[in-house]
Amino acid sequence: MGADMTSKSAAGEPGRFPPDTRRSLPIALLRAREAVMARFRPMLAGHDVTEQQWRVLRVLAESGELDASDLAGRANILAPSLTRILRSLEERKLINRRRDDGDGRRSWLSLAPDGRKLIEKVTPQAGVIYAEIEARFGKERIEALLDMLDELVLLARRD
């Protein structure tokens, strides 16, 4: 390639930072997230649920009862934001909270019956959107992308 490079690595040219934003991994990941979530947001809004609230409900539906710190980690939500989200979900009777018998500072959270009903109502609609994305992008490519993203997360955690 020599001095007049025609292709650039994802990190850009040596000594040049930041790299071209079209090839910046953090920005590309954000753009991809926005492209996907733009399809889900209207559906979630139609059920009066934010993305973060939906993540909390989904994690609780998958995992059962969790403490707040485990829930925050699994839903990728910072603790201060989670506190506000939990308050709202609890007021709407979508989740249950119980205090830990041994540690009064610790709360256990689970999906309430109304939360389960919401999951059952929204999941088929989310499935249609996911199927549309899969039809356009390809099931195998989505699986490969998910595998690569899992690898990237594992590598980042090792550092």
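Residues numbered from 1 in each chain as written. Predicted model: local features only at pLDDT ≥ 70, side-chain atom pairs only at ≥ 80, totals over all residues. Heavy atoms only, no water.

Participant: Can you help me understand the overall build of the chain in this one?
Facilitator: Counting secondary structure elements, the chain contains six helices and three strands. In the chain, the succession of α and β elements from N to C terminus is α-α-β-α-α-β-β-α-α. Looking at the 159 residues of the chain, the share that counts as buried comes to 28%. Within the chain, contacts between residues separated by at least 24 positions form 46% of all contacts whose residues are at least 6 apart in sequence. (Helix = DSSP H or I, 4+ residues; strand = E, 2+ residues; numbered from the N terminus. Buried < 20%, exposed > 50% of the residue type's maximum accessible area, 1.4 Å probe, protein only. Contact = heavy atoms within 4.5 Å.)

Participant: Looking at this model, I keep getting lost on the nonpolar core. Mind explaining?
Facilitator: Considering soluble globular proteins, one finds that nonpolar side chains tend to be buried as a cluster. One finds Val56, Leu57, Leu60 and Leu71 to be the most contacted residues of the largest nonpolar core, which totals 30 residues. Sorting elements by how many residues they give to this core places helix H5 (residues 113–137) first, with six residues. In this structure valine 56 touches Leu71, Ala75, Ile77, Leu82, Ile85, Leu86 and Leu89, once residues within four positions along its chain are discounted. (Core = buried A, V, L, I, M, F, W, Y, C linked by side-chain atoms within 4.5 Å.)

Participant: I tried to follow unusual backbone geometry on my own but got confused; where do I start?
Facilitator: Most peptide bonds take the trans form, and the phi angle of most residues other than glycine is negative. Positive phi values are uncommon outside glycine, yet aspartate 48 reaches one of about 60°. Mapping aspartate 48 onto the fold places it in the loop between helix H1 (25–45) and helix H2 (51–63). Overall, aspartate 48 belongs to the exposed group, its relative accessible area being 54%.

Participant: Help me understand the pattern of salt bridges, please; the structure alone is not making it clear to me.
Facilitator: When the charged atoms of two side chains lie near each other, side chains of opposite charge can form a pair. All told, the structure shown has ten salt bridges when counted by the stated rule. Close ionic contact of arginine 33 with glutamate 51 constitutes a salt bridge, the shortest N to O distance being 2.8 Å. Of this pair, arginine 33 sits in helix H1 while glutamate 51 sits in helix H2, and the two are 18 residues apart along the sequence. Accessibility expressed as a relative area gives 34% for arginine 33, which makes it partly exposed. The shortest N-O distance in the salt bridge between arginine 58 and glutamate 62 comes to 3.5 Å. With arginine 58 and glutamate 62 both in helix H2, this residue pair falls four residues apart, about one helical turn. By relative accessible area, which is 42% here, arginine 58 ends up partly exposed. Through salt bridges with shared partners, a single ionic network connects Arg33, Glu34, Arg41 and Glu51. (Salt bridge = Lys/Arg side-chain N within 4 Å of Asp/Glu carboxyl O.)

Participant: When you look at the packing of aromatic side chains in this model, what are you seeing that I'm missing?
Facilitator: The relative placement of two aromatic rings is captured by the distance of their centres and the angle of their planes. One pass over the full model with this rule turns up zero aromatic pairs. In this structure, arginine 141 packs its charged tip against the face of phenylalanine 137, placed 4.1 Å from the ring centre. (Phe/Tyr/Trp six-rings, centres within 6.5 Å; stacked < 30°, edge-to-face > 60°. Lys NZ or Arg CZ within 6 Å of the ring centre and 35° of its normal.)

Participant: Help me understand the pairing of strand S3 (residues 107–111), please; the structure alone is not making it clear to me.
Facilitator: Within a regular strand, side chains alternate between the sheet's two faces. Burial analysis of S3 places five of its five residues in the buried class, which makes it a mostly covered element. Here five bridges tie strand S2 (residues 95–99) to S3, and the two strands are oriented antiparallel to one another. In the sheet register, arginine 97 faces S3, and the bridge partner there is leucine 109. (Pairing = 2+ DSSP bridges.)

Participant: Which parts of the structure should I look at to understand the packing of H1 against H2?
Facilitator: The description of two helices packed together rests on the angle between their axes and the distance between the axes. The N-to-C vectors of H1 and H2 enclose an angle of 85°; their axes lie 10 Å apart at closest approach. The angle between H1 and H2 places the two elements in the roughly perpendicular class. Where H1 abuts H2, its residues Arg33, Met37, Arg41 and Leu44 lie against Glu51, Trp54 and Arg55. Across the contact of H1 with H2, the residue classes tally to three nonpolar, no polar and four charged. (Axes fitted to C-alpha atoms, helices over the stretch in contact; angles between N-to-C directions. Parallel < 35°, antiparallel > 145°, perpendicular 65-115°, else oblique. Nonpolar A, V, L, I, M, F, W, Y, C, P; charged D, E, K, R; others polar.)

Participant: I tried to follow a nonpolar patch on the surface on my own but got confused; where do I start?
Facilitator: On the surface, a cluster of nonpolar side chains totalling about 730 Å² of accessible area is made up of Leu25, Leu29, Tyr130, Phe137, Leu145, Leu146, Met148, Leu149 and Leu152. Those elements that place two or more of their residues in the nonpolar patch are H1, H5 and helix H6 (139–158). If you tally residues by element for the nonpolar patch, the top one is H6, at five residues. For tyrosine 130, the position within the fold is in helix H5. By relative accessible area, which is 36% here, tyrosine 130 ends up partly exposed. (Patch = residues over 30% accessible without salt bridge, like charges linked within 9 Å, V, L, I, M, F, W, Y side chains within 5 Å. Areas by Shrake-Rupley, 256 points an atom, 1.4 Å probe, with all protein chains shown as cover.)

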